[in-house]
Amino acid sequence: MKEREPGETGRLRIAPSILSADFGSLADAVRGVDVETDWLHVDVMDGHFVPNVSVGPPVVKSLRRYSNKFFDCHLMMSEPGRYLEAFRDAGADGCTVHVEVGDTAALIEQARSLGLRVGLAANPDTHFSAVSPYLSSIDLLLLMTVFPGFGGQSFIAEVMPKVEEARRVIDEEGLNVDIEVDGGIDTTTIPVAVKAGANVFVAGNAIFAKPDPEEAARQLRESALARTS
Ligand code: DX5
Ligand code: ZN
């Protein structure tokens, strides 16, 4: 894959979430999973949309020096529009905003005009009908499999019918949209999400809380592929 390219839409992607890495040695963590992963998932929390605070554009800018991966920035922010340009300038490749914050059409348009790959996220209890009107104007649909805010939570399997519905509509309409799942993804839940139709898999604890993150990422991919073959 060329540098910082997302790759073909719909293909299987493993996206490690740096939220679960050691923030004191992020560069090592990122380089350590380079071979077995596809994208880098950056969880941005503003302490308002979610009850936690994480990282912002300066960290994206610093990590850019250590990785040529596609940076998939998940903006858990009440006012993402105020920061999209800063993330783009820092080196973000894709930015995902939550549909729950409103102003969705304008945010999508803003991200698009900045040259970002555009994602739209929905919390576990947000209905598919909230995101379906935007499918033709986005590149990625992020269906949260935990309530956002913290790593290490349990996968909410009840979200799978929504993933199935999204996959059906995206395929029926021939749309170029990735379906990403985020939260509680591990070797036992990844086949469930693959079966439902997701193709991008964010994993924090299942990679960075393991003694050998690169091997853990390889096993995740193997578990996902086992379901597809
Ligand atoms: C949740 C974040 C996730 C989270 C995933 O708010 O968006 O990306 O860090 O972590 P795990 O894989 O540990 O559930
Ligand atoms: Zn995330």
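Coordinates for the structure precede this section.
1. Things to note about the site of ligand 1
Next up, step 1: Neighbouring ligand 1 are 21 residues; Asp 43, Gly 149, Gly 152, Asp 182 and Gly 204 lie closest to it.
Next up, step 2: The contact in question runs from an oxygen atom of ligand 1 to an N or O atom on the backbone of Gly 149, over 2.7 Å.
Next up, step 3: At 2.8 Å, a backbone N or O of Gly 152 approaches an oxygen atom of ligand 1.
Next up, step 4: When the free accessible area of ligand 1 is taken as 380 Å², the share hidden by the protein chains comes to 99%.
Next up, step 5: For the shell around ligand 1, the elements supplying multiple residues, two or more each, are strand 2 (39-45), strand 3 (70-76) and strand 8 (200-203).
Next up, step 6: Ranked by residues supplied to the shell around ligand 1, first place goes to strand 2 with 3 residues.

2. Regarding the coordination of the zinc ion (ligand 2)
Next up, step 1: Distances from the zinc ion (ligand 2) to its protein donors, His 41 (NE2), Asp 43 (OD), His 74 (ND1) and Asp 182 (OD), fall at 2.0 to 2.3 Å.
Next up, step 2: Each of the 6 donor atoms bound to the zinc ion (ligand 2) contributes to angles spanning 67 to 167°, and the resulting shape is octahedral.
Next up, step 3: All donors to the zinc ion (ligand 2) come from one chain, and their sequence spacing reads H-x1-D-x30-H-x107-D. With respect to burial, His 41 and Asp 43 carry one shared label: buried.

3. Some details on the pairing of strand 7 (residues 178-182)
Next up, step 1: Within strand 7, 5 of the 5 residues are buried, leaving the element largely enclosed by the surrounding structure.
Next up, step 2: Along strand 7, one buried face is formed by Asp 178, Glu 180 and Asp 182 and the opposite face, lined by Ile 179 and Val 181, is buried too.
Next up, step 3: With 5 bridges joining them, strand 6 (residues 140-144) and strand 7 adopt parallel strand pairing. Looking at strand 7, one finds that Leu 142 is bridged to Glu 180.
Next up, step 4: In this view, the connection linking strand 6 to its parallel neighbour strand 7 by way of helix 6 (residues 160-172) has right-handed handedness.

4. Here we look at the packing of aromatic side chains
Next up, step 1: Following the criterion strictly, the structure yields 1 aromatic pair and no others.
Next up, step 2: Aromatic pair Trp 39 and Phe 70: ring centres 4.6 Å apart, planes at 45°, arrangement tilted. On the criterion of sequence distance, the pair formed by Trp 39 in strand 2 and Phe 70 in strand 3 is long-range, its members being 31 residues apart. Like Trp 39, the residue Phe 70 is buried in the burial classification.
Next up, step 3: Over the ring of Phe 71 we find Arg 64, and its NZ or CZ is 3.6 Å from the ring centre.

What counts as what
- Residues numbered from 1 in each chain as written.
- Chains lettered and ligands numbered in written order.
- Predicted model: local features only at pLDDT ≥ 70, side-chain atom pairs only at ≥ 80, totals over all residues.
- Heavy atoms only, no water.
- Near = heavy atom within 4 Å.
- Polar contact = N/O pair within 3.5 Å; in protein donor to acceptor, adjacent residues only side chain to side chain.
- Areas by Shrake-Rupley, 256 points an atom, 1.4 Å probe, with all protein chains shown as cover.
- Helix = DSSP H or I, 4+ residues; strand = E, 2+ residues; numbered from the N terminus.
- Donors = N, O, S within 2.8 Å, 3.2 Å for Na, K, Ca; no water.
- Tetrahedral: all angles 85-135°; square planar, octahedral: opposite > 155°, others 65-115°.
- Buried < 20%, exposed > 50% of the residue type's maximum accessible area, 1.4 Å probe, protein only.
- Pairing = 2+ DSSP bridges.
- Right-handed = clockwise from strand over helix to strand, strands pointing away.
- Phe/Tyr/Trp six-rings, centres within 6.5 Å; stacked < 30°, edge-to-face > 60°.
- Lys NZ or Arg CZ within 6 Å of the ring centre and 35° of its normal.

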